[in-house]
Amino acid sequence: MRSTNLARLVCAGLLFSNAAALAQAQAEIRAGIGGTITKLHVVAGAEVKKGALLIEFDDSKYKLRVAQAATDTAAAQANAELAKVELERADRLLKVNAISDAEYAKIVARAQVATVNLTAARTRVEQARREFADTKVQAPRDGKVGKVVVKVGESVKANDLLATIEGGEKTS
């Protein structure tokens, strides 16, 4: 029984080593977003350096998403600032008993909602910026382009295979 466990460990180690060697040998370049390919900057067999621009997507809708998210954030910022001013005023009124507890609670709740809305709007801006950045696909490492499986004008979904890079050092 002990030798069987050792054999399993050895086999598992070999499988792990083979998987690591395969990962070292080939990197899959996958789409971070869905969209239409507008430019291919490489062909199969081309040598590339880490960071080289490989593929571009139509970025028009992603530019609009960044602009819309920025506008929404500006509106949420203004709303949060107004809610803060109203809360400060309500604090002063509460101290002199010029506002009911119920009205004060409503103002506090509005201020909290405004703060949450601002945080959510900022998150949407960051997400939109990341998606926009994904319209430019770069080489994750040095190597040789193994295959390019997309064409200009082709529509792809997020996580679709775009190309492979062979050889070179695996990077994280």
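Residues numbered from 1 in each chain as written. Predicted model: local features only at pLDDT ≥ 70, side-chain atom pairs only at ≥ 80, totals over all residues. Heavy atoms only, no water.

Draft legend 1. Main features of the overall build of the protein chain. The helix and strand inventory of the protein chain stands at three helices and eight strands. Shown N-terminal to C-terminal, the secondary structure of the protein chain runs as helices and strands in the order α-β-β-β-β-α-α-β-β-β-β. By the burial criterion, 24% of the 172 residues in the protein chain qualify as buried. Long-range contacts, defined as pairs at least 24 residues apart, comprise 75% of the intrachain contacts of the protein chain with a sequence gap of at least 6. Accessible surface computed for the protein chain: about 11,200 Å², of which carbon and sulfur atoms make up 57%. (Helix = DSSP H or I, 4+ residues; strand = E, 2+ residues; numbered from the N terminus. Buried < 20%, exposed > 50% of the residue type's maximum accessible area, 1.4 Å probe, protein only. Contact = heavy atoms within 4.5 Å. Areas by Shrake-Rupley, 256 points an atom, 1.4 Å probe, with all protein chains shown as cover.)

Draft legend 2. Representation of the side chain of T73. Relative to the helices and strands, T73 is located in helix α2 (residues 60-95). Looking at T73, the relative accessible area reads 14%, which means it is buried. A polar atom in the side chain of T73 sits 2.8 Å from the backbone oxygen of A69. What T73 contacts, discounting residues up to four positions off in sequence, is L118, A121, R122 and V125. (Polar contact = N/O pair within 3.5 Å; in protein donor to acceptor, adjacent residues only side chain to side chain.)

Draft legend 3. Summary view of unusual backbone geometry. Its identity is not glycine, yet N97 carries a phi of approximately 55°, on the positive side. Mapped onto the fold, N97 is located in the loop between α2 and α3 (101-133). Non-glycine residue N159 carries a positive phi angle of around 80°. Relative to the helices and strands, N159 resides in the loop between β7 (155-156) and β8 (161-166). Take N159: its relative accessible area is 52%, and that puts it in the exposed class.

Draft legend 4. Up close: the sheet that holds β8. Strands sit in the order β1-β8-β6-β3 across an open sheet of four strands; the sheet is antiparallel. Edge positions in the sheet fall to β1 (26-30) and β3 (47-48), since each has one partner strand and no second. Where strand β6 (residues 143-148) lies against β8, four bridges are found, and the strand directions are antiparallel. Bridge pairing links K144 to E166 in β8. (Pairing = 2+ DSSP bridges.)

Draft legend 5. Main features of the environment of E28. Mapping E28 onto the fold places it in strand β1. For E28, a relative accessible area of 46% puts it in the partly exposed group. For E28 and T164, which are 136 residues apart along the polypeptide, the C-alpha to C-alpha distance reads 4.6 Å. Among the polar contacts made by the side chain of E28, one reaches the side chain of R30 at a distance of 2.9 Å.

Draft legend 6. Summary view of the nonpolar core. In terms of nonpolar packing, the biggest core is built from 18 residues, with L54, F57 and L162 touching the most fellow members. Only β4 (53-57) and β8 provide two or more residues apiece to this core. A111, A114, L118 and A121 belong to the second-largest nonpolar core, a separate cluster that totals seven residues. (Core = buried A, V, L, I, M, F, W, Y, C linked by side-chain atoms within 4.5 Å.)

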